Amino acid sequence: MSDVNTTKRGRPGYDQRAILDIAVAAFNEYGYDATSMGVLAARLDLSKAAIYHHFSSKEELLALALDEALTGLEGVLLEPGALTGSAIDRLAHVLRGAVQVLTAKLPSVTLLLRVRGNSDVERQALTRRRAFDRAVSALVVQARGEGSVRADIDPRIVTRLVFGMVNSIAEWYRPEGPEDAVQLADDVLKLALDGLRTPR
């Protein structure tokens, strides 16, 4: 896989990072399958050969983008706040971290949420995403065992519902908008862990 942090250039103004960013934007706009290398070349005002100078294929661009999103999410699970303390505190840390990854890496996470397993790259990404979901479900089970969360809802359902809420952020959140990413994470935690009902 190419290192997208290198500065190798094919045309002034376009290094690997810039090409990847524009490719991800195109994949999100048109759909991965509908975005040909010709479409990317036109969007970049480059020849296809110039793109191939940086990346071996369209699939490599997809793999790099998905890896960026997944590495961010997986990294949250390895942070001290996800590894120490009560299960409910670790769960809260992971939920907050997932929101922060989504808002910081919005294009690549959006792309991840849209893959359907149509290629080996997509299937590998879905496998990693399911592993992340299982880790979160395990935290819910532990929190339930501590008595920190209600026991009458299947932990897998809890995980799906909570991440359904988190993932929906990708559809409306805009970094330049009025919503602050830190406050957004706070709001998600309040809804996910405390609910909407006014405390009595």
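Above this text you will find the structure in question.
Described below are features of the structure shown in this document. From a predicted model like this one, the values you see are computed outputs, not experimental measurements.

Topic: the environment of I88
- On the secondary structure map, I88 appears in helix α6 (residues 87-104).
- Residues I88 and R144, 56 residues apart in the sequence, show an inter-C-alpha distance of 8.6 Å.
- Beyond its immediate sequence surroundings of up to four residues, I88 is in contact with A143, E146, S148, V149 and L193.

A word on the packing of aromatic side chains
- In total, this model carries 2 aromatic pairs according to the counting rule given.
- Seen from their ring centres, F132 and F163 are 5.7 Å apart, and the 85° between their planes marks the pair as edge-to-face. Here F163 lies in helix α9 (residues 155-172) and F132 lies in helix α8 (residues 120-146), a separation of 31 residues in the sequence. Taken as a pair, F132 and F163 share a single burial class, namely buried.
- Its guanidinium or amino end placed over the ring of Y32, K58 lies 4.2 Å from that ring's centre, counting from NZ or CZ.

What counts and what doesn't
Residues numbered from 1 in each chain as written. Predicted model: local features only at pLDDT ≥ 70, side-chain atom pairs only at ≥ 80, totals over all residues. Heavy atoms only, no water. Helix = DSSP H or I, 4+ residues; strand = E, 2+ residues; numbered from the N terminus. Contact = heavy atoms within 4.5 Å. Phe/Tyr/Trp six-rings, centres within 6.5 Å; stacked < 30°, edge-to-face > 60°. Buried < 20%, exposed > 50% of the residue type's maximum accessible area, 1.4 Å probe, protein only. Lys NZ or Arg CZ within 6 Å of the ring centre and 35° of its normal.

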